[in-house]
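Descriptive structure summary
Residue strings, one per chain:
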Amino acid sequence: VRGLCLYYEDNVDRAFSHFTQVLRFAPDHARAKEIYKKAKSLKSKKEEGNTAFKAGNLDEAFKLYSEALLIDPCNRSTNAKLHFNRATVAARQKKTEECIKDCDRALELDPGYTKAMLRRAKCYMESEQYEEAVRDYEKVLKSDKGNMEYRQLLQEAKLELKKSKRKDFYKILGVEKTANDDEIKKAYRKRAMVHHPDRHSSASDDEKKDHETKFKEVGEAYAILSDERK
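Below is a short write-up of the structure.

Procedures and definitions
- Residues numbered from 1 in each chain as written.
- Predicted model: local features only at pLDDT ≥ 70, side-chain atom pairs only at ≥ 80, totals over all residues.
- Heavy atoms only, no water.
- Phe/Tyr/Trp six-rings, centres within 6.5 Å; stacked < 30°, edge-to-face > 60°.
- Helix = DSSP H or I, 4+ residues; strand = E, 2+ residues; numbered from the N terminus.
- Lys NZ or Arg CZ within 6 Å of the ring centre and 35° of its normal.
- Salt bridge = Lys/Arg side-chain N within 4 Å of Asp/Glu carboxyl O.
- Buried < 20%, exposed > 50% of the residue type's maximum accessible area, 1.4 Å probe, protein only.

1. Observations regarding the packing of aromatic side chains
As enumerated under the stated definition, the model contains 4 aromatic pairs in all. Here Y7 and Y8 contribute two aromatic rings whose centre-to-centre distance is 4.8 Å and whose plane-to-plane angle is 55°, an arrangement assigned as tilted. Note on Y188 and Y222: the rings are 4.3 Å apart at their centroids and 15° apart in plane angle, and the pair reads as stacked. One end of the pair, Y188, is in helix α11 (residues 181-195); the other, Y222, is in helix α12 (residues 205-225), with 34 residues separating them in the sequence. Over the ring of F62 we find K95, and its NZ or CZ is 5.9 Å from the ring centre.

Here it is as structure tokens:
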């Protein structure tokens, strides 16, 4: 029983010593043989995944961690770590959604798993889900209030959230944030032409109002983006 407890706390090496001792006393002990075999297989597969990841074989690491997760669904502690490891692989592969899903699963199995929460928050930041990122960083900071790194991450997430709620002038003009002055000017002229009130004199009142609003937004966007200081 102690060996089982150690195994389910992901303390596999100490668990092995207990199972080995049981089998020394009773070589035909079916339960000890079964769990020893399962623990050995789980440890081996996890280590293979770690080796593949360190070698940069990301597809192989993802496959091995997935196989390890099938060995013992009851081992919540080890499986939480395997989901986190697989999330780390997905993050390296730029598979943000898969990374978030694995972090979700890791946190279901171990709600206090700080690394999984930090990884998920980072994915939220990269996918511009700033409210979710703020929520995760607040939880992390709550568990370690004196951690300045967590405090900084939370401040950055709050800043990005605030910025995301402002008008996106680049989006209004339909240009990238790296656009130069000429590209901004061309985009402004094109959008202004599309929404100019004179082009919609025969439209319905609602359509006129919509184009007038967009024409003003285009003008505002150009006034900001064409002024380096603004």
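2. Regarding the pattern of salt bridges
Summed over all chains, the structure comprises 15 salt bridges. A salt bridge links D10 to K46; the nearest nitrogen and oxygen atoms lie 3.5 Å apart. Of this pair, D10 sits in the loop between α1 (2-8) and α2 (12-25) while K46 sits in helix α3 (residues 30-54); the two residues are 36 residues apart in sequence, bridging distant segments of the chain. The exposure class of D10 is buried, given its relative accessible area of 16%. Of the charged contacts in the structure, one is a salt bridge between E67 and K63, with a shortest N-O distance of 3.2 Å. One end of the pair is E67 and the other is K63, both in helix α4 (residues 58-69) and 4 residues apart, which spans about a single turn. Through salt bridges with shared partners, a single ionic network connects D104, R120, R135 and D136.

Fair warning: the whole summary comes from geometry, so function is off the table for now.
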